[in-house]
Amino acid sequence: MQLIDGKATAAAIKAEIAQEVEARKNAGLKVPHLAAILVGHDGGSETYVANKVKACADCGFKSTLIRLESTYEAPLDPNVLMAEIDKLNNDPDVDGFIVQLPLPKHIDEQAVIEAILPEKDVDGFHPVNVGRQSVGLPCFHSATPAGIVELLRRYGISTAGKRVVIVGRSNIVGKPLAAMLMQKGAQADATVTVCHSHTPDLPSIMRQADILVAALGRPGFVTADMVADGAVVIDVGTTRVPDASRKSGFRLSGDVDFENVAPKCSAITPVPGGVGPMTIVSLMLNTLQAAKNRD
Ligand code: GUN
């Protein structure tokens, strides 16, 4: 069984990006600039955004964090968020930006996503980028699927002709990953099945997978009996579960029962240190691409 080390792979890619940024500077080109809008103080979102800001520093990018308060007593006026998006859309120094999700319930998430200019949408969530991706045109790919594809590529795991089963049909992981892997070409050409809460006899489909992707957000859902001998298992889950032995009071749990599944696999990603760091590095690659597109 091979452990797929997303942390080390992400570090190597960040070093490659930093070199490219240095070369850009030497050529008199602009340093990529990523902005992030964070609404409220959701614990998970705080961590993700802090990691994104740190990754920008590692890559030599400029970053800007815009915090907007929203509480139960004083919910954020959605127009204030839209005005910030408008400013970033029109700021010539900003190459790309993200609005960290989830947003408070009273804000229409889809309207927010659609307010971002597609050419600055480095999350790849805007319908223009989603649509371009689905027909195989150049676009910003959603970060988690792009990170998974790059991780497989760097570990020499081909997807061509393989049966890939994705458990979870979210707009940011399951659907875009399926679209990427069913395209023609390198690191694609897979036969993809997307399963979800209405899929009958899920374990029997999961057992057919050469590559099994768990992206449903249920800690430990994937047990050894659901995995074929020799399968590659990619765990996208990052649920915070209470853990009194940790200073933070929680630990991150993947969707896979790692201890019992790992011995059956040819390769598997851990949580933490698997897909998570690759998601962030994909955002950095998209931001670098956004800067290049604007050169
Ligand atoms: N929330 C969870 N994952 C993501 C992501 O990739 N981008 C944004 N903007 N929010 C998220």
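Placed above this text is the structure.
Within each chain, residues carry numbers counting from 1 in the order of the written sequence. Residue-level local features of this predicted model are given only where pLDDT is at least 70; pairs of side-chain atoms are given and counted only at 80 or more, and the full residue set underlies all totals for whole chains, interfaces and linings. Heavy atoms throughout the structure, all of them, feed into the side-chain values; hydrogens and water do not.

Participant: Quick question: what am I supposed to make of the overall build of the protein here?
Facilitator: Per the secondary structure count, the protein includes 10 helices and 11 strands. Radius of gyration means the value over C-alpha atoms here, while the globule rule gives 2.2 Å times the residue count to the 0.38 power. Rg of the C-alpha trace for the protein: 19 Å, near the compact-globule value of 19 Å for 295 residues, within the 12% margin. Buried residues in the protein amount to 46% of all 295 residues. Here, residues are in contact when the closest pair of their heavy atoms is within 4.5 Å. A separation of at least 24 residues holds for 70% of the contacts in the protein among residues at least 6 apart in sequence. Here the protein displays about 13,800 Å² of accessible surface, and carbon together with sulfur accounts for 54% of that area. Here the positive residues are Lys and Arg and the negative ones are Asp and Glu; neither His nor the chain ends is included. In this description, the location of a charge corresponds to atom NZ of lysine, CZ of arginine, CG of aspartate or CD of glutamate. Across the protein, the 29 positively charged side chains and the 33 negatively charged ones have centroids separated by 3 Å. Counting from the N terminus, the helices are DSSP H or I runs at least four residues long and the strands are E runs at least two residues long. Three exposure classes are used, based on accessible area relative to the maximum for each residue type with a 1.4 Å probe and protein chains only: buried under 20%, partly exposed in between, and exposed over 50%. Exposure was quantified through the Shrake-Rupley algorithm and a 1.4 Å probe, taking into account, for residues, occlusion by the shown protein chains and nothing else.

Participant: When you look at empty space enclosed by the protein in this model, what are you seeing that I'm missing?
Facilitator: Rolled over the atoms, a probe as big as a water molecule pinpoints where empty space is left. In this analysis, the protein atoms alone were mapped onto a 1 Å grid. Cavities are point sets where a 1.4 Å probe fits without being able to get out; pockets are open sets with protein on both sides within 12 Å along at least five of seven lines; lining residues have an atom within 4 Å of a point. Grid points are joined across faces, edges and corners, and a volume is the space filled by probe spheres set on the points. In this structure the tally under the stated criterion is one cavity of 30 Å³ or more. By volume, the largest cavity is sized at about 40 Å³. What lines the largest cavity is V99, L101, V112, I113, I116, D121, D123 and F125.

Participant: What exactly am I supposed to notice about the nonpolar core here?
Facilitator: It is characteristic of soluble globular proteins that their nonpolar side chains tend to be buried jointly. By convention a nonpolar core is built from buried Ala, Val, Leu, Ile, Met, Phe, Trp, Tyr and Cys residues, the set being connected through side-chain atoms within 4.5 Å. Among the nonpolar cores identified, the biggest contains 45 residues, and V213, I234 and M284 are the most heavily contacted of them. Ranked by residues supplied to this core, first place goes to helix 10 (residues 275-294) with eight residues. Filtering out sequence-adjacent residues up to four positions away, V213 remains in contact with I148, V164, V165, I166, V167, L177, I234 and V236.

Participant: How do you make sense of the sheet that holds strand 2 (residues 33-39) when you look at a structure like this?
Facilitator: The pairing of strands in a sheet comes from backbone hydrogen bonds and takes either a parallel or an antiparallel form. When DSSP finds two or more bridges between a pair of strands, those strands are recorded as paired. With parallel pairing, three strands are arranged side by side in an open sheet as 3-2-4. Each of the sheet's edge strands pairs with one partner strand only, and the pair in question is strand 3 (62-68) and strand 4 (96-99). When the angles between neighbouring strand axes are averaged without regard to direction, this sheet yields 15 degrees. Note that strand 2 and strand 3 share seven bridges and pair parallel. Between N-to-C directions, angles cover 0 to 180 degrees, with each direction set by a line fitted to C-alpha atoms, over the stretch in contact for helices.

Participant: Quick question: what am I supposed to make of the layout of surface pockets here?
Facilitator: In this structure, the second largest pocket spans a volume of roughly 650 Å³. Taken together, 32 residues make up the lining of the second largest pocket; nearest its centre are C139, H141, A146, M180 and N286. Counting residues per element, the ones that place at least two in the lining of the second largest pocket are helix 1 (6-26), helix 5 (127-134), helix 6 (143-154) and helix 10. Per-element accounting of the lining of the second largest pocket gives the leading share, nine residues, to helix 10. The classification used treats Ala, Val, Leu, Ile, Met, Phe, Trp, Tyr, Cys and Pro as nonpolar, Asp, Glu, Lys and Arg as charged, and all other residues, Gly among them, as polar. Among the residues making up the lining of the second largest pocket, the classes are represented as 15 nonpolar, 10 polar and seven charged.

Participant: Which parts of the structure should I look at to understand the side chain of T279?
Facilitator: Structurally, T279 can be placed in helix 10. Owing to a relative accessible area of 19%, T279 belongs among the buried residues under this scheme. Among residues more than four places away in sequence, those in contact with T279 are A143 and T144.

Participant: Please clarify how the site of the ligand should be interpreted in this entry.
Facilitator: Lining the immediate surroundings of the ligand are K52, V99, Q100, L101, D123, F125 and I172. A distance of 3.3 Å separates a nitrogen atom of the ligand from a polar atom in the side chain of Q100. Distance and chemistry together define a polar contact, namely a pair of N or O atoms within 3.5 Å, with one atom able to donate a hydrogen and the other to accept it when in protein, and with adjacent residues in sequence counting only for side-chain atoms on both sides. Here D123 contributes a side-chain N or O atom positioned 2.6 Å from a nitrogen atom of the ligand. Starting from 280 Å² of accessible surface for the ligand in isolation, the protein chains cover 83%. Classifying every residue of the shell around the ligand by side-chain character gives four nonpolar, one polar and two charged. We define proximity as follows: a residue is near a molecule or strand when any one of its heavy atoms falls within 4 Å of that partner.

Participant: Honestly, helix 7 (residues 174-181) in this entry has me stumped. Any pointers?
Facilitator: Because the α-helix completes a turn every 3.6 residues, residues three or four places apart line up on one side. Most of helix 7 is tucked away, with seven of its eight residues classed as buried. Of the residues making up helix 7, those classed as buried are G174, P176, L177, A178, A179, M180 and L181. Of the surrounding elements, those touching the buried residues of helix 7 are helix 5, helix 6, strand 5 (163-167), strand 6 (191-195) and strand 7 (211-214).

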